[in-house]
Amino acid sequence: MSEEQTVNIDGTDYKVSDFSPEQIRLVNHVADLDRQINKRAMYLEQSQVSRNHFIGLLKKSLSA
């Protein structure tokens, strides 16, 4: 027995089986954009940590 797929928008659950093809396409766009945002947030965090590391190395080299 499989559970019916739902989408929660602003606190309301909607059955995907009730969606039109256009609505399914829009949901897929939103889901893909959410994945992209999360991926970019991770890249930004990695870049900030790397930058801080290199700044630390630069400061250390200047004080030697």
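Source: prediction; values computed, not measured.

*Asks:* Before we go on, may I ask you to explain the overall build of the chain in this structure?
*Replies:* Looking only at helices and strands, one finds one helix and two strands in the chain. Written out in order from the N terminus, the α and β elements of the chain read β-β-α. In summary, the chain has a C-alpha radius of gyration of 22 Å against a globular reference of 11 Å for 64 residues, an excess of more than 25%. Structurally, the chain occupies a C-alpha span of about 65 × 25 × 20 Å along its principal axes. Here the chain, with 64 residues, has 5% of them falling under the buried criterion. Roughly 6100 Å² of accessible area belongs to the chain as shown, and the carbon and sulfur atoms make up 56% of that amount.

*Asks:* Please clarify how the pattern of salt bridges should be interpreted in this entry.
*Replies:* Close approach of charged atoms allows side chains with opposite charge to pair. Within this structure, the stated rule accounts for two salt bridges. In this structure, the salt-bridge partner of E22 is R25, at a minimum N-O distance of 3.0 Å. Linking E22 with R25, this pair stays in helix α1 (residues 21-63), spanning three residues, or about one helical turn. Look at E22 and you get partly exposed, because its relative accessible area is 41%. Its relative accessible area of 42% is what places R25 among the partly exposed residues. Across the salt bridge formed by R35 and D32, the nearest N and O atoms sit 3.6 Å from each other. With a gap of three residues between them, R35 and D32 both fall in helix α1, about one helical turn apart. You can call D32 partly exposed: its relative accessible area is 33%.

What counts and what doesn't
- The numbers attached to residues start from 1 for each chain and follow its sequence in the written order.
- The predicted origin of the model limits local features to residues at a pLDDT of at least 70 and limits the giving and counting of side-chain atom pairs to 80 or more, whereas totals for whole chains, interfaces and linings rest on all residues.
- Water and hydrogen atoms play no part in the side-chain values, which are based on all heavy atoms of the structure.
- Secondary structure is summarised from DSSP: a helix means a run of H or I of at least four residues, a strand means a run of E of at least two, and numbering begins at the N terminus for each.
- Using C-alpha atoms as the atom set, the radius of gyration is obtained and then compared with a globule rule of 2.2 Å times the number of residues to the power 0.38.
- A 1.4 Å probe rolled over the protein chains alone gives each residue an accessible area, and that area as a share of the maximum for its type sets the label: buried under 20%, exposed over 50%, partly exposed in between.
- To be clear on the numbers: accessible area is Shrake-Rupley with a 1.4 Å probe, and residue cover counts the displayed protein chains and nothing else.
- One speaks of a salt bridge when a side-chain nitrogen belonging to Lys or Arg is within 4 Å of a carboxyl oxygen belonging to Asp or Glu.

Honestly, that's just the spatial picture; any functional story needs more than this.
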